[in-house]
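# Coordinate analysis (summary)
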Amino acid sequence: MRARRAGAVLLWAALALLALWVVARARYAADLSAFLPQAPTATQRLLVEQLRQGVASRLIIAAIQGGSARQPLSRQGISEAEKARARLSRDLALRLRAQPQFLAVENGDQAARQRDEAFLYAHRYLLSDTVTPARFGVAGLKAAIGNTIDLLASPAGMLAKSWLTSDPTGEMMTLLDRLSRNQPPRTQDGVWVSPDGARALLLIRTRAAGSDTDGQQQAVAAIQAAFAAALASEHAAGAGRQSAPGRAAAAARANTAASPQLLLSGPGVFAVQARQSIESEVMRLSIVSSVLIVALLLLVYRSIAALLLGLVPVASGALAGIAGVALGFGVVQGVTLGFGVTLIGEGVDYSIYLFIQSRAGGGAEGACGSDWRRSVWPTIRLGMLTSICGFAVLLVSSFPGLAQLGLYSLTGVLAAGLVTRFVLPELLPHGFRIRDLTPIGRRAAHVLERVRSGRSAVALIAIAAAVVLGLHRHSLWSRDLAALSPVPLAAQRLDAQLRADLGAPDVRYLVIVSAPQEQSALEGAEQVGAELDGLAARHVISGYESAAQYLPSVALQRRRQESLPPPAVLRARLGQALAGLPVRAGRLAPFLHDVAAARGAQPLTRAALNGTSFAALADALLVEDATGWRALLPLEAPVAGGRALDINVGLVRRAVSVGAPDRVTVLDIKDQADALYSSYLGGAVRLSLAGFAAIVVLLLVALRSPLRVARVVLPLALAVLTVAAGLTLFGARLTLLHVVGMLLIVAVGSNYALFFDRRTGLPPDADGTALTLASLLVANCATVVAFGVLAFSSVPVLHDLGQTVAPGAFLALLYAALLAGGSRRGAAAARA
């Protein structure tokens, strides 16, 4: 027997060392990407792909605001603060463009605009969709040149006049008109600014996808470092422009004036902030929860030895949980570690039951004695198995994060229970004892007996809760994926404000063309673009973006080249077309030269876009993955009364799917993400019901009495019902994590109901009843503290679990105590 006991301790030590080794070598991630659902269908895979690394996920909006607003205005009506922000914007953009982690940095500066216009002008005959055989016939040339001449009297006359001799057909004006459909932000002092001029604006496209949190964190750090360097350079330049007294005065003003500040927003910024928030939250919550539970146990045990020994199952469970997740998933999410805080409350319960309910509490018999194993352990074992049933259903969740929580909890609870049963009793020193908690148990029994007289109120509470849920049945559930968003409301408002300032569209509607090759993807984008042009003319959409606008397919470029007549033919047609027009053919020699050059030019490739802002657009809108190429066409919603309207996705889908419906997908990202989340919410509800059913079956097998099972299950169901109604009354809409929390109420609360069921019908035992009540009270306090700490988390995943399970665990104990059967003789004995 001694050898067997020593073997259990040695096996535990060996497994603990192995788990430590696995934990030390594990890979950890601290973001919420694991809470994006897996996507079983092709459309859903496209959706999740866009959420993780699509066009919008790579955008960062930067704003420079602040500085003294009391500076005098310059002759141009611009304050010194505004001029300083413009200088900072140009300096920041210049520094960021030199760094490889950024695909593009746009701030409206003149140099970038000139580079773009030079590219468009040089390749206008390959890029303009008006280059057709008819346009370069006699009638077409006459009409096009006539339109250009008419433009001379318009506000665009200066541009038209400068290009008249080399571009009389107006291809450059056509390209500029197409690009101007997207209303650019207001420009001041050569850079983009907000409508009120209070912020200088930059639009930054990162090379790293939004799901690459490490890459996004490096990008954010690079932007912040570049801004700090630009700000230091601006201060140094300002000081250098002044005399010594002026520098002293400037330094005094700098101490009192607000220094320019950098604001950042965008999916990547949110991902970085979420990770930092989760990392700090996990650390903070772990410390707070551990301190509170240690203080509770010290208050109860009044023994350092008992405290340290009582934490052995908890530490064992945490190690086993992390190691299990690392082996099962390859990466441990930070949210999983945060949820592991709750294991402190669950795992410590077992040692509480051992120390208080065994004869160790009274000192008559060591905890290693057979009395505890016969009288208490079977109930703990059954409660542990019910918890495992509840956690096990999470393993098949389509949310990898929830599956991690399930594996962590299942492994941790199992390890904590087994260590309590086979290892902890062997670690207790001879003569181990804690203070006698029988007086606390007797007072609890006295209070319980008094409140049991009002147990009929439980039925009224249940009816009221059912009525509340019935009245709110249509708004009970949140089916919005944003319900899991870790982004604070203030950050969401800032993002909306900066997007409005920049005029950046919300990339909600997206057409995706899939193809095996780059050229076939571009050809598909061109076909879809022709249909979208028709929808724009009908005001179904206001516009769209496509890589084919800046990088047409080789086949289309060849057709446009074939539309250009040979030099001799063009010269003859031009002579006929100019009849009656106030332009001499001799002045259009540059036009003849450029057309001839375009006819023999090599088709544009992606490399030709380098150095322009179109390179970043092409890289964002034409992507390659393991399955081939995808051309992305973001749609812009029509605007009425200053508000973007919803796009009729059905009309878009019917228009663009003609000819190749299997290659084209139309996504309403928000609606489809919400629909996908809603489907998984329904799945989570079904899993929870399955877990509850598994618990009921387990109890039927173990207790062999439907009446006893009902007595165990009823308090748990009432606790879930009451918590759901309470959350609804306080304005919360139930999410996926609330569902998981309700399942945890059943898993954790079953331990309390089982102990009350064990006392029912037994001979009166004053000390036994009192010790049972004392242990349940202490265990419940530990669980409520562990989950209650989570309720104060700013991370929605943890907050929702905490605010559900903490009150639910308390109510499960209260209802189990109120509804438990018992004899008056037992109650009298407890009061003795």
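Residues numbered from 1 in each chain as written. Predicted model: local features only at pLDDT ≥ 70, side-chain atom pairs only at ≥ 80, totals over all residues. Heavy atoms only, no water.

## Some points on the overall build of the protein chain
In plain terms, the rule: Helix and strand assignments follow DSSP, with helices taken as H or I runs no shorter than four residues and strands as E runs no shorter than two, numbered in order from the N terminus. Residue exposure (1.4 Å probe, protein chains only): buried if accessible area is under 20% of the type maximum, exposed if over 50%, otherwise partly exposed. By definition in these notes, contact holds between two residues if any of their heavy atoms fall within 4.5 Å. For every accessible area listed, the method is Shrake-Rupley and the probe measures 1.4 Å; residues are considered covered only by the protein chains on display.
Check the secondary structure of the protein chain and you find 34 helices and 15 strands. Looking at the protein chain as a whole, 53% of its 832 residues qualify as buried. Taking the contacts inside the protein chain whose residues are at least 6 apart along the sequence as the reference set, 82% of them involve residues at least 24 apart. Here the protein chain displays about 36,200 Å² of accessible surface, and carbon together with sulfur accounts for 61% of that area.

## Examining the pattern of salt bridges
The following threshold applies: Salt bridges are identified by distance alone: a Lys or Arg side-chain nitrogen within 4 Å of an Asp or Glu carboxyl oxygen.
Here the structure, examined in full by the defined rule, presents 10 salt bridges. A salt bridge links Arg 124 to Asp 594, with the shortest nitrogen-to-oxygen separation between them at 2.7 Å. Highlighted residues: Arg 124 in helix α5 (residues 124-127) and Asp 594 in helix α26 (residues 589-600), separated in sequence by 470 residues. Here Arg 124 matches Asp 594 in class, with each residue buried. Measuring nitrogen to oxygen at the nearest pair gives 2.7 Å for the salt bridge that ties Asp 668 to Arg 508. One end of the pair, Asp 668, is in strand β15 (residues 664-668); the other, Arg 508, is in the loop between α22 (489-502) and β9 (509-515), with 160 residues separating them in the sequence. By relative accessible area, Asp 668 is classed as buried at 5%. A residue is classified by how much of its surface remains accessible, and Arg 508, at 17% relative accessible area, is buried.

## Here's the deal with unusual backbone geometry
In this structure, His 539 is a non-glycine residue whose phi angle is positive, near 65 degrees. Here His 539 shows up in the loop between α23 (518-537) and β10 (543-544). On the accessibility criterion, His 539 (62% relative accessible area) is exposed. A positive phi angle, near 55 degrees, is found at Arg 704, a position not held by glycine. In this structure, Arg 704 sits in the loop between α29 (669-703) and α30 (706-729).

## Details of the packing of α30 against helix α33 (residues 796-819)
Going by this rule: Each axis is a line fitted through C-alpha atoms, taken for helices only over the stretch in contact, and angles between the N-to-C directions span 0 to 180 degrees. Roughly parallel means an angle under 35 degrees; roughly antiparallel means over 145; roughly perpendicular covers 65 to 115; every other angle is labelled oblique. Helix crossings are classified by the rotation of the near helix relative to the far one: an anticlockwise turn of less than a right angle makes the crossing left-handed, while a clockwise turn makes it right-handed. Only Asp, Glu, Lys and Arg are considered charged in this grouping, and only Ala, Val, Leu, Ile, Met, Phe, Trp, Tyr, Cys and Pro are considered nonpolar; every other residue, Gly among them, is considered polar.
Contact geometry of α30 with α33 gives a least axis separation of 8 Å together with a crossing angle of 140 degrees. Classified by the angle their axes make, α30 and α33 are oblique. Handedness of the crossing formed by α30 with α33: right-handed. Residues Arg 711, Leu 714, Pro 715, Leu 716, Leu 718, Ala 719, Thr 722, Val 723 and Leu 727 of α30 lie in contact with α33, whose contacting residues are Gln 803, Thr 804, Pro 807, Gly 808, Leu 811, Ala 812, Tyr 815, Ala 816 and Leu 819. Broken down by class, the residue content of the contact of α30 with α33 amounts to 13 nonpolar, four polar and one charged.

None of the figures reported here should be taken as evidence of function without further support.
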